[in-house]
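A closer look at the structure
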Amino acid sequence: MIKSPNVVRQLKHVSRITSQISSKRLLSTSPILRHQDKKTSTSQDEMDHFNQLASTWWDVNGPQRILHKMNLLRMDFIQSTLRENIPLNEGVLNKEEEIYVPGYSLDLLPEQIRNAIVHEQESKRDQVISQMPKYKILDIGCGGGILTESLARLPTVESVKGIDLSTDVLEAAKLHKALDPALTDKISYQLMPIEDISKSEKYDIITMFEMLEHVNFPSEVLGSALSHLKPNGWLFISTINRDFISWFTTIFMGEYVLNIVPKGTHHLEKYINESEVQDWFKEKPQFEVVKSEGCMYLPFKGWVYSGNASVGNYFMAIRRVK
Amino acid sequence: MSLILKRTLATAAETLTKTPIEPKLVDVLIVGGGPAGLTLTAGLKNSKIAKELKISVIEGFNLSSVKTFHDETPSNFSNRVSSLTPQSIKYLQKIGAWNHIKEERVQPYDGIVVTEGISDATLNFDSPELATMCENVNLQSSLYQRIKELQGQETNEEFGLEIKDNTKVIEITKDPFNQWPIVHLDNGETYKTRLLVGADGFNSPVRKFSGIQSHGWFYKRFGVVSTLTLEYSPFRSIGWQRFLPTGPIALLPMPGNQATLVWSQTIELSELLSKTEPELFVQLVNGAFILSDADMQYYYGQIRKGKTEGLIEDIKWRISKVQKHLTEDQIEDQYPVLATSVEPRSIARFPLRLSHAETYVADRIALVGDAAHTTHPLAGQGLNMGQGDVQSLVKAIEKGMQRGLDIGNTLVLEPYWAERFPVNHLLLGVVDKLHKLYSFSNAPVVALRSFGVNALNSLSFVKDFMVSKVSGNK
Ligand SMILES: Cc1cc2nc3c(=O)[nH]c(=O)nc-3n(C[C@H](O)[C@H](O)[C@H](O)COP(=O)(O)OP(=O)(O)OC[C@H]3O[C@@H](n4cnc5c(N)ncnc54)[C@H](O)[C@@H]3O)c2cc1C
Ligand SMILES: C[S@@+](CC[C@H](N)C(=O)[O-])C[C@H]1O[C@@H](n2cnc3c(N)ncnc32)[C@H](O)[C@@H]1O
């Protein structure tokens, strides 16, 4: 099982890794635009890598199984974030009709009262959701469309546009979409960098999962994405912290020892720390980081929240507040 | 040259005649309108999340007895009766079906007296509410009524459900384009489905199509069933089970002075019994609970030879001899109330098997109920296991839909299998071991086993554990 030469080579890299871990990433904007003509683009090496994966992208038991599994938890993350943040009493003029939202943790209440309050809140949420306009979503770096399709099937979603720079992977996405008649009118795929999206196109939700760690200039990519967010709109991202644990789990174990992630998927020096993203947003008062959750893959169990967003993989929910 | 030409013509003609009408597109196609299939249908349509699914149920037999049961309730009890665990009933209540059950036709019972045919050791299972006897048709009817009720409440113009009976699935193929199952019916119609559920019983055509292997064996026993009338209504609502060398005989209470029988017998004797005249049949049942195995073997011998004259009186006489020395209270504690007659058309027999499918799910396939597993009826678990399957599958589908997944995806279906397989496997194993333990008649095993039964009787915690398994509580 263990490919010893690779392991040894990887171990030799450990010293180099330490230096990669320390340098800052998100703000580095030294634009050496050699092969790239776009600032929100990705190197040719990376694109070649994804192109090779296209044909097996949708095999849930194939090379992308980990991504398929991650999709379960991130859909829970997106759904619960949206649900928790639905205004329950917006537009209610009469105090009597307001849903009671206590200013303290529900756990302090006796079980029956707690259940009654939760039940009341949940039915109100269902009602509000059923009357809300449906979401228009942009999925950046959609790949073969694992997340794109899941989003599109939600009854609360009107449409999803998926963009990517890998021709083959996007082709796989289109082919797979055609297999399910329920998706025909809900998804459109386009091969384009973010900066080519017309300025006037605005979205309720923008998603960028497992992508920032591949791009050359993440801050450019983030900024460009945010410019398409409607007021009160959401940006959901996931990426990986640049630390020893991440190197150990995603590259060393994932790609080389367990062979559960295709080799060459990750480059440690491109990982982005959660704190770096947090700091970046602090300077942008029109946005708020509403939620940030660490997550990890456990064999036999799948993806679970780790309780620590500054180690390994993490999901983040950012909202435009102004 | 001409050969090639002919060949091309033939293919052209073939494709012309074979071109089918576009298959009807559904989200879930359920094969089988038995207890498992109808519970799944009601469970999905009752779910806030899953009710939008377009569902078709295909049943080979006529469901008219199920459809008319509610308004034109028959006077006799059906011979297909199952004991429902509190857990199954709780789920039926949750999905709103239990409201539609004909309560006057179900019988809760709070204990089973288990005796052993050779040594007469006794084991009493007691629990406030062990289980409830309910005709399968009563259960199916309650589900059917619930489905109709949900349909009535639906405000959308389309409810997205169709129940087709008298229609058999004759072939299942795959769509060459997207690999979805295509189900061909004997009326010429075809359906294309996102998820194909096999609730189609032991011979499950869906399981065969999916290539899922099933392992197990025939017990070389048949279950002889019937509805009996007792001398009077018993004072206590309990079940009786006696382990005989050929397998267990069980008498379970129905309302009033009615009772239902499941008698596990050898192939030959089951055939003999189901052909015996009703009066003699009744006495053989009484005898099996009271007399020795040697006596019973003698009667079987006489019946084989066609010498049935005087047998009825003989059995009655021997029974009275056994009971002569006992007080009325003792008789009541040790034996069921004697049966006086049997509903003649209710005598039937079913093969008893153990089987377990290797997996319950494959791409766009899920198996529930007897399609996935069958068990010996001695613990009354078969139907209840299917109810547990359905609960778990509905949960998995809901979760999958909340995550926007394609419900035919194995990532959606695997949690169902992972949750149910170990539970069912344990139950099948326990029931199988009980059956084996009690089918030996050599002395050491009998001694050991009656010791076991007596010891069990005094070890209440072991019994509690077994009661909780039988009644489905965790
Ligand atoms: C003697 C006996 C006593 C029992 N007692 C108990 C008990 O006390 N408690 C208990 O829990 N269980 C008991 N069981 C088990 C119980 O009856 C079964 O587990 C239960 O009926 C299984 O339900 P199901 O819906 O999975 O399958 P089934 O009831 O077998 O239903 C399958 C349905 O699929 C249909 N079908 C099959 N093939 C096709 C096709 N090609 N096209 C269309 N339709 C098709 C059939 O017509 C049938 O209606 C007993 C079983 C026996 C034999
Ligand atoms: C690991 S995959 C993730 C796919 C998808 N978001 C998911 O999580 O299921 C990363 C994808 O990002 C795409 N990608 C990388 N850089 C990109 C860029 N600058 N613009 C758009 N897509 C990019 C790659 O082609 C690849 O398909």
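Keep in mind the model is a prediction, meaning the values are calculated, not measured.

Bringing the overall build of chain B into the picture now. The number of helices and strands found in chain B is 15 helices and 18 strands. Across the 474 residues that make up chain B, the buried fraction comes to 53%. If you take every contact in chain B between residues at least 6 apart in sequence, the share linking residues at least 24 apart comes to 75%. Counting every atom, chain B has about 21,500 Å² of accessible surface; 56% of that belongs to carbon and sulfur.

In this section: the site of ligand 1. Residue and element names in this part refer to chain B. Among the 30 residues in the neighbourhood of ligand 1, the closest are listed as A36, E59, R80, D370 and L383. Between ligand 1 and the protein, one listed contact pairs an oxygen atom with a backbone N or O atom of G380 at 3.2 Å. A distance of 2.8 Å separates an oxygen atom of ligand 1 from a polar backbone atom of L383. Elements that contribute at least two residues to the shell around ligand 1 include exactly α2 (35-46), β3 (81-84) and α12 (382-402).

Counted under the stated rule, the structure contains 14 aromatic pairs over all chains. Measuring from centroid to centroid gives 5.8 Å for W234(A) and F236(A), while their planes differ by 15°, and the two rings are stacked. One exposure class covers both W234(A) and F236(A), and it is buried. The ring centre of F159(B) lies 4.9 Å from the NZ or CZ of K45(B), which sits over that ring. The cationic tip of R80(B) hangs over the ring face of F350(B); the distance from NZ or CZ to the ring centre is 4.0 Å.

Take the pattern of salt bridges next. Taken as a whole and judged by the stated rule, the model has 32 salt bridges over all chains. Linking K282(A) and D279(A) is a salt bridge whose minimum nitrogen-to-oxygen distance equals 3.4 Å. One end of the pair is K282(A) and the other is D279(A), both in helix α10 (residues 274-282) and three residues apart, which spans about a single turn. Classification of K282(A) as exposed rests on a relative accessible area of 64%. Residue D27(B) is joined to R194(B) by a salt bridge in which the shortest nitrogen-to-oxygen separation is 3.3 Å. Here D27(B) is found in strand β1 (residues 24-31), whereas its partner R194(B) is found in strand β9 (residues 190-198), with 167 residues between them in sequence. One exposure class covers both D27(B) and R194(B), and it is buried. Salt bridges linked by common partners bring E149(A), R153(A), D180(A), D27(B), R194(B), R364(B) and D406(B) together as one network.

It is worth spelling out the pairing of strand β3 (residues 187-191) of chain A at this point. One ladder, built from five bridges, connects strand β2 (residues 157-164) of chain A with β3(A); its direction is parallel. Note on β3(A): the bridge partner recorded for D164(A) is L191(A).

Bringing the UniProt feature "binding site: S-adenosyl-L-methionine" (unreviewed entry) in chain A into the picture now. All names here are of chain A. As recorded in UniProt, the sites labelled "binding site: S-adenosyl-L-methionine" (unreviewed entry) are R74, G141, D164 and F209. Within the fold, G141 resides in the loop between β1 (135-140) and α6 (146-153). Not counting the four nearest positions on each side in its chain, G141 is found in contact with I163, D164, F209 and M211. Within the element layout of this structure, F209 appears in strand β4 (residues 203-209). Judged by its relative accessible area of 6%, F209 is buried.

A few words on the confidence of the model for chain A. All names here are of chain A. Across chain A, the average pLDDT comes to 86, with 87% of residues at or above 70. With pLDDT under 50 throughout, residues 1-5 is counted as low confidence; its partners more than four residues away or in other chains account for seven contacts. In the model, residues 29-36 has pLDDT below 50 throughout and makes 14 contacts with residues more than four positions away in sequence or in other chains.

Quick look at the environment of S41(A) now. Residue and element names in this part refer to chain A. Note that S41 resides in the loop between α2 (14-22) and α3 (44-53). The class for S41 is buried, based on a relative accessible area of 10%. In sequence terms S41 and S150 are 109 residues apart; their C-alpha atoms lie 25 Å from each other.

What follows concerns unusual backbone geometry. Generally, phi is negative for residues other than glycine and the peptide bonds are trans, each holding for most cases. Of note, the phi angle at E210(A) is positive, near 55°, even though the residue is not glycine. With respect to the secondary-structure elements, E210(A) resides in the loop between β4 and α8 (218-226). Phi is positive for N166(B), close to 55°, though the residue is something other than glycine. Position of N166(B) relative to the elements: it lies in the loop between β6 (161-164) and β7 (169-174).

Moving on, we get to the environment of F281(B). All names here are of chain B. Tracing the sequence through the fold places F281 in helix α8 (residues 278-290). As a C-alpha pair, F281 and L427 span 146 residues in sequence and 32 Å in three-dimensional space. Every residue in contact with F281, bar those within four places of it in the chain, is listed here: V224, S226, L261, L273, T276, V342 and I347.

Residue and element names in this part refer to chain A. Sheet architecture is open: eight strands sit in the order β3-β2-β1-β4-β5-β8-β6-β7, paired in mixed fashion. Of all strands in the sheet, those bounded by a partner on one side alone are β3 and β7 (302-305). Between one strand and the next, the sheet's axes are offset by a mean angle of 20°, whatever the strand orientation. In this structure, strand β6 (residues 287-298) lies alongside β7, joined through four bridges in antiparallel fashion. Note on β7: the bridge partner recorded for M296 is V304. Taken strand by strand, α8 contacts β1, β4, β5 (229-240), β6 and β8 (313-320), and its axis lies near 150° from that of β5.

What follows concerns the interface of chain A and chain B. Between chain A and chain B, the residue contacts involve 19 residues of the former and 17 residues of the latter. Of the roughly 1,400 Å² buried between chain A and chain B on both sides combined, carbon and sulfur atoms contribute 53%. If you sort the residues of chain A by the area they bury against chain B, L72(A), R153(A) and L179(A) come out on top, with a joint share of 35%. Applying the counting rule to chain A against chain B returns four salt bridges. The salt bridge involving E414(B) is made with R65(A); its shortest N-O contact spans 3.8 Å. Applying the counting rule to chain A against chain B returns seven residue pairs in polar contact (both at pLDDT 80 or more). Of all the secondary structure elements, the ones that give two or more residues to the side of chain A that touches chain B are α4 (65-84) and α6 of chain A.

What counts and what doesn't
Residues numbered from 1 in each chain as written. Chains lettered and ligands numbered in written order. Predicted model: local features only at pLDDT ≥ 70, side-chain atom pairs only at ≥ 80, totals over all residues. Heavy atoms only, no water. Helix = DSSP H or I, 4+ residues; strand = E, 2+ residues; numbered from the N terminus. Buried < 20%, exposed > 50% of the residue type's maximum accessible area, 1.4 Å probe, protein only. Contact = heavy atoms within 4.5 Å. Areas by Shrake-Rupley, 256 points an atom, 1.4 Å probe, with all protein chains shown as cover. Near = heavy atom within 4 Å. Polar contact = N/O pair within 3.5 Å; in protein donor to acceptor, adjacent residues only side chain to side chain. Phe/Tyr/Trp six-rings, centres within 6.5 Å; stacked < 30°, edge-to-face > 60°. Lys NZ or Arg CZ within 6 Å of the ring centre and 35° of its normal. Salt bridge = Lys/Arg side-chain N within 4 Å of Asp/Glu carboxyl O. Pairing = 2+ DSSP bridges. UniProt positions renumbered as here; feature names shortened; annotations may be inferred. pLDDT = per-residue confidence, 0-100. Axes fitted to C-alpha atoms, helices over the stretch in contact; angles between N-to-C directions. Buried area = accessible area lost by both parts, 1.4 Å probe.

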